[in-house]
Amino acid sequence: MGMAPELAEIIISPLVNTMREKLGAPELRDFGSFWGVEEQLGNLSSTLDGISAMLCFVEESQIRNPLLRIYLGDLKKVILYANLMLDEFIYETLGRRLEDERNQNRARKLVRDFLSFSFNENRMLRRHEIPCVINEIRDKLAQIRESIEPHYLKVVEIEGREHELERRQRTISLLDTRQKSSSLVVDSDVVGRSEDKSLLISLLASRRYSGSKVPVVAIVGMGGLGKTTLSQIVYNDPDVKMHFELRVWVCVPNEFRVERLTNAIMESITLKPCLISLLEPNHVKLQDLVRGKKILLVLDDAWNENRSYWEALWAPFRVAAAGSRVLVTTRSQKVASVMGAVEILPLKRLSDEDCWLMFKKQVFGDENTDVHPNLEAIGRKIVRRCEGLPLAVTTLGGLLLAKLDHQEWQQVLESKMWDLEENIMPALSLSYHYLPAHLKLCFAYCSLFPKGYEFRKAILVPLWMAEGFIPSKQVERMEEIGREYFDDLFHRSFFQCLRKSIFIERDFSTKVESVFVIHEVMHDLAQSVSKGMCFRIEHDEPNYIFKRAGTASLLIRDLNKDIVKSPSSFLSVRSRSLLEDHVPYDVSERFKCLRVLDLSNSSIRCLPDSIGYSKHLRCLNLSCTRISMLPESICQLYFLQTLMLKHCSELHGLPKGMGNLINLQYLVMDNELWKSHRPAGIRRLTCLKTLPHYVVSQADDNKIGELKELQHLEGLLWILRLENVATVWEAREACLKNKRRLDQLVLEWSNGPRNLQTREDSEAILDALQPPLELESLTITWYLGLRFPDWLMRDLSSFNKLVSVKLSFCTNCKFLPPFGQLPALESLEIVGLNEVTHLTREFYIDGQASGGKNGFQKLKFLTFDLMYSWEEWYGAEDGEFPCLEELTMRKCYNLRRLPPLLPSVKVVKIEYCHSLTTFPKLPSICSIELLTFKEGISNWVNQFSSLYPVSEYSVQHSTNLSLAILRPLEERLQAVAISEDDGELQNPLTGCCLRMKSTIPTGSLTYPMLE
């Protein structure tokens, strides 16, 4: 496979960094003090620091020096074991702290002489053995350091202390065997890119861009997608030739130097070799060459992400004529951004039909050739495998050039694409080699998933976290960093966005999130670079034992198989019936290093008690299983970060010791389980990020103060039964305003007796429950205070991210907060505030804080419901509600008027508002729904003569309403719906009384159908 052995680099620096973090952790310092091994741990740390200083050089040099790769292999084995050893020590410290907490009332604490240790035959280490184990690791590392150091010093002596990116570029230059591009296009008639070509030419010729810099237009896409070919076609287009006075094509070298690239540009212009290597004279000369000329500069295959380099390169082009352009092709959106691209064209994959035309052209020389039906059926399957990648299409087409043998076509179809032709390998492998070490690990891990798997950040990032690929010093930043890693891989074209879909998140909030896929050939690349690290064993593949030391990530179908010596991940990504209905009892013994265990969508009914011995487990997914109970031993998994229990319909409770899971970040369960079986001891889960429901009770371990230390909560927090909060001090204990990662907050009292609270108590408690200023959505329900707290009435403008507010059944409040102050508010819903009689100017904005500004500048959706006492709506002025799209009014029985002008409203729904006589002007209306109107309707209808056409008009339950009042709207209405339960309408044309059933009029006014 050519380069395949070299592709599978040994990447260890992220794991070394993780180990260094552990050695500095307070838990390990505590361990050293308790067991008397501070000195040994200190020596280990010093040795590791020495290796870490050399590691980036060594990793970049392993392809050029195979001996270094051997040393890195030895180092990887030691580091993997050392990380496990340190985790065992930290685990002991965590367990000891929990035990001390339980025994804090005892007169003396137990003195230990041994600790549990998974990697000895007797599963324990005695006190005198601990220093020996640490020193053994330290000695092995020192030996490897001594082997590596001479090579490191030699590299430094020859190359100097280059920046990591520069070293990477030097290595890639050795690997890049591709033919360098030129401006000459092999085939000007390229299939499937006509729209891209037209768009690109229009961007190059556009007059929109001005300024001192030459505008940059970037084509971005994965390797093999046809970026260079498209650029060549545009570069040689007759209109482009006429538009630009000077055209320059340069293939950007891997070893990026401003001096070298400047020379290449000048040589392309002058067609003479540049004999001067100094930047200053060459910049001056280049500036003279382009002065006053409209130039098109094409930079093909740019990789460098250093903004200062590109800024230096652009300097001579400031004197070029207006209308000049730089056209860049790159695989990375980040490169396009740092180059200052004013337009980025993400090149998409070709359609299957375009791929088939390209394939026929490659095989037969003519895309219009008739192909035998049998060969066409196979050929279309072949191009579908290419997934729109032109390089793959032309490569596979080249293999079948002028061949008509059915078996040869079938062989190509059934072969692994990566093995068919080495042209694809160099094109894509460079993308991998340009990755920093931590992204190489993350990408290689993706090879565990089958081709075509649909990735979501919310699923993949916790797995990276569990594997230790993401730094763990800051709990609140771990997932954020992981998402940045994912975005980086996406921007470098390793992932492709398939679609956007609506998902119910871990906290039960609904969000639109992108779904991603990895192209088939990229997946082949991931499998190639992950050899020795990740394995996918399908159910029909034979048993075998992978005998290398260390851990590996694994996807298999049967936990009973003895597949790998010490896997760190077991993933089940298919459907049901992958496993038996139970997990083997000795799974923890056989899989001691297990960090990820995904048994979702399987038929298991129970976990063995031995699961508690899986000390290193970080992620446990039991979603969509038939499990009915969790063993108490699961509470011994002190490192567990993610526990997934969604759609476990037969699960009826949680173990009592859940509070021991002190590293748990994500506990994902169905709503019913959250409300009925919240984990006990929740105050100790200080890393927890998901707590969608919290039911307050008067029991000590269910009081609202239990939320105090949960500072990392994010997403939705719904607090129920606030009537059980006994004192203001308890409410303050929750420290809601410090939970700055919360997006949505629901504060809910019950609709019933309030034995613990008076109205004054409720007011003080709501005041103490002030949310964080970063909040995006706030709901308050069944609050019985007479007034809202100051943070709602006076300080509302500080909540500059709040986009949605709902007040429900705050039945004693007479005045609404000045919601018009909220600068980002888009949705406001007021339900059941029966004491409100008037809306005045203060509702829009506080007079003292307004500064002459109008309120509700971004509000789109406004609802008032069950406002029985509301009579008047005052204070609306021109400029209020400029973005309002939908107005809903329900059961506001006494309301007499609406604001005079709602210029942007498209949808109006008015139900059971019997007293309304004054309606607003609605110049943008397109849909109106009315329910039960007895009087005043004709006054409103008459106003429609001056309005734009509406698309829907619905009148329901309007007894004795004559259809004649709709006649003025006949030419403006596209649809009218009129329904009636018991009432009769008189047809004005016949005088007959019609009992209403349904109408479906379109285009003109029609009458109800007779029963």
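Residues numbered from 1 in each chain as written. Predicted model: local features only at pLDDT ≥ 70, side-chain atom pairs only at ≥ 80, totals over all residues. Heavy atoms only, no water.

A. Representation of the overall build of the chain. A count of helical and extended segments in the chain gives 32 helices and 32 strands. A total of 1011 residues make up the chain; the buried ones form 54% of that total. A separation of at least 24 residues holds for 64% of the contacts in the chain among residues at least 6 apart in sequence. In the form shown here, the chain has an accessible surface area of approximately 43,900 Å², with 49% of it arising from carbon and sulfur atoms. (Helix = DSSP H or I, 4+ residues; strand = E, 2+ residues; numbered from the N terminus. Buried < 20%, exposed > 50% of the residue type's maximum accessible area, 1.4 Å probe, protein only. Contact = heavy atoms within 4.5 Å. Areas by Shrake-Rupley, 256 points an atom, 1.4 Å probe, with all protein chains shown as cover.)

B. Molecular detail of the nonpolar core. One finds Phe89, Leu141, Phe443, Tyr445 and Trp464 to be the most contacted residues of the largest nonpolar core, which totals 134 residues. Broken down by element, the residue count for this core peaks at 15 residues, all from helix H5 (residues 66-102). In contact with Leu141, not counting residues within four places along its chain, are Met19, Leu44, Thr47, Leu48, Ile51, Leu75, Val78 and Ile79. Of all hydrophobic cores here, the second largest spans 104 residues; its members include Leu617, Ile719, Leu736 and Leu745. (Core = buried A, V, L, I, M, F, W, Y, C linked by side-chain atoms within 4.5 Å.)

C. Seen up close, the sheet that holds strand S4 (residues 246-251). The strand order across the open sheet formed by five strands is S4-S5-S6-S3-S7, and the pairing between neighbours is parallel. Both outer strands of the open sheet, S4 and strand S7 (341-346), are each paired with one neighbouring strand and no more. Pairwise comparison of adjacent strand axes, ignoring direction, gives a mean angle of 15° for this sheet. As defined by bridge partners, strand S5 (residues 295-302) adjoins strand S6 (residues 325-330) across five bridges and the pair is classed as parallel. Its bridge partner being in S6, Leu297 is matched across the sheet by Val326. In the packing of helix H9 (residues 227-235) onto the sheet, the strands contacted are strand S3 (216-220), S4, S5, S6 and S7, and the crossing angle to S4 comes to about 165°. Contacts from helix H13 (residues 307-314) reach S3, S5 and S6, with the element oriented near 155° to S5. (Pairing = 2+ DSSP bridges. Axes fitted to C-alpha atoms, helices over the stretch in contact; angles between N-to-C directions.)

D. How the structure looks around unusual backbone geometry. One non-glycine residue with positive phi stands out, namely Asp301, at about 70°. Checked against the element boundaries, Asp301 lands in strand S5. The buried category is assigned to Asp301, whose relative accessible area is 9%. With a phi angle near 50°, Glu387 is a residue other than glycine that sits in the positive phi range. Positionally, Glu387 belongs in the loop between helix H16 (373-386) and helix H17 (390-399).

E. Broad picture of the environment of Glu872. Locating Glu872 in the fold gives a position in strand S25 (residues 872-873). Glu872 gets classed as buried once you look at its relative accessible area, which sits at 5%. Put simply, Glu872 and Asn894 are 22 residues apart on the chain and 8.4 Å apart in space, counted from C-alpha to C-alpha. Ignoring anything within four residues of it in the chain, the contact list for Glu872 reads Thr837, His838, Leu839, Leu895, Arg896 and Arg897. Of note is the side chain of Glu872, whose polar atom sits 2.4 Å from the side chain of Arg896. (Polar contact = N/O pair within 3.5 Å; in protein donor to acceptor, adjacent residues only side chain to side chain.)

F. Highlighting a nonpolar patch on the surface. A cluster of nonpolar side chains, Leu275, Ile276 and Leu278, forms an exposed patch at the surface whose accessible area comes to about 360 Å². When you line up the elements, Ile276 lands in the loop between helix H11 (258-270) and helix H12 (279-290). (Patch = residues over 30% accessible without salt bridge, like charges linked within 9 Å, V, L, I, M, F, W, Y side chains within 5 Å. Salt bridge = Lys/Arg side-chain N within 4 Å of Asp/Glu carboxyl O.)

G. Representation of the pattern of salt bridges in the model. Under the counting rule described, the total for this entry stands at 47 salt bridges. In this structure, the salt-bridge partner of Asp288 is Arg291, at a minimum N-O distance of 3.4 Å. Classification of Asp288 by relative accessible area gives partly exposed; the value is 47%. Through salt bridges with shared partners, a single network forms among Glu27, Asp30, Glu92, Arg96 and Arg97.

H. Examining empty space enclosed by the protein more closely. As enumerated under the stated definition, the model contains three cavities of 30 Å³ or more in all. Approximately 70 Å³ is the volume attributed to the largest cavity. Around the largest cavity, the lining residues are Trp303, Glu305, Arg331, Ser332, Val335, Ser431, Tyr434, Arg492 and Phe494. For the lining of the largest cavity, the residue count by class is four nonpolar, two polar and three charged. (1 Å grid on protein atoms, 1.4 Å probe; cavity = no way out; pocket = protein on both sides within 12 Å on 5 of 7 lines; lining within 4 Å. Points joined across faces, edges and corners; volume = space filled by probe spheres on them. Nonpolar A, V, L, I, M, F, W, Y, C, P; charged D, E, K, R; others polar.)

I. Geometry of the packing of aromatic side chains. One pass over the full model with this rule turns up 42 aromatic pairs. Residues Tyr868 and Tyr893 carry aromatic rings whose centres are separated by 5.5 Å and whose planes lie at 5° to one another, so their mutual orientation is stacked. Highlighted residues: Tyr868 in the loop between strand S24 (861-865) and S25 and Tyr893 in the loop between strand S26 (886-890) and strand S27 (907-911), separated in sequence by 25 residues. Given a relative accessible area of 30%, Tyr893 falls into the partly exposed group. It is Arg247 that lies over the ring of Tyr235; its NZ or CZ is 4.4 Å from the centre. In this structure, Lys440 packs its charged tip against the face of Tyr432, placed 5.3 Å from the ring centre. (Phe/Tyr/Trp six-rings, centres within 6.5 Å; stacked < 30°, edge-to-face > 60°. Lys NZ or Arg CZ within 6 Å of the ring centre and 35° of its normal.)

J. The arrangement of the packing of helix H8 (residues 194-205) against H9 in detail. At their nearest, the axes of H8 and H9 sit 10 Å apart, and the two run at 60° to each other. Considered as vectors, H8 and H9 are oriented oblique to each other. Where H8 crosses over H9, the two elements pack in a sense that is right-handed. Contact with H8, carried on its side by Asp196, Lys197, Leu200, Ile201 and Leu204, involves Leu230, Ile233 and Val234 of H9 and no other residues of that element. (Parallel < 35°, antiparallel > 145°, perpendicular 65-115°, else oblique. Left-handed = near helix turned anticlockwise from the far one by under 90°.)

K. Region of the structure containing helix H22 (residues 457-467). The buried count for H22 comes to 10 of 11 residues, which makes it a mostly enclosed element. Listed as buried for H22 are Lys457, Ala458, Leu460, Val461, Pro462, Leu463, Trp464, Met465, Ala466 and Glu467. Phi turns positive, to about 85°, at Gly468, one or two residues after H22.

L. Examining helix H4 (residues 38-61) more closely. Along its 24 residues, H4 runs 35 Å from first to last C-alpha, staying within 8% of the 34 Å computed at 1.5 Å per residue. Where H4 bends most, at Leu55, the angle is about 45°. (Expected span 1.5 Å × (residues − 1). Bend = angle between axes of the 7 residues up to and from the residue.)

M. Summary view of the environment of Ile830. Summarising the element assignment, Ile830 is placed in strand S22 (residues 827-831). Taking the C-alpha atoms as reference, Ile830 lies 8.3 Å from Leu862; in sequence the two are 32 residues apart. In contact with Ile830, not counting residues within four places along its chain, are Leu807, Leu816, Phe819, Thr863, Phe864, Asp865 and Met867.

N. Seen up close, the pairing of S26. Pairing of S24 with S26, which is carried by five bridges, proceeds in the parallel orientation. The residue bridging Leu862 from the neighbouring strand is Leu887, located in S26.

O. How the structure looks around the packing of helix H2 (residues 13-23) against helix H21 (residues 437-445). Close contact between H2 and H21 brings their axes to 8 Å; oriented N to C, the two are set at 110°. Taken together, the axis directions place H2 and H21 in an arrangement best described as roughly perpendicular. Every residue of H21 that contacts H2 at Ser13, Pro14 and Leu15 is listed here: Ala437, His438 and Leu441. Broken down by class, the residue content of the contact of H2 with H21 amounts to four nonpolar, two polar and no charged.

P. Molecular detail of the confidence of the model for the chain. Of the residues in the chain, 79% reach a pLDDT of 70 or more, and the chain-wide mean stands at 81. Here residues 980-1011 is modelled with pLDDT under 50, and outside its nearest four sequence neighbours on either side it reaches 63 contacts, counting other chains as well. (pLDDT = per-residue confidence, 0-100.)

Q. Looking closely at the environment of Val521. Mapped onto the elements, Val521 comes out in helix H24 (residues 520-529). For the pair Val521 and Cys386, spaced 135 residues apart in the sequence, the C-alpha separation amounts to 7.8 Å.

R. Summary view of the state of the cysteines. Using the criterion set out here, one finds zero disulfides in the structure. Not part of a disulfide, Cys892 finds its nearest cysteine sulfur in Cys913, a span of 4.6 Å. (Disulfide = S-S within 2.5 Å.)

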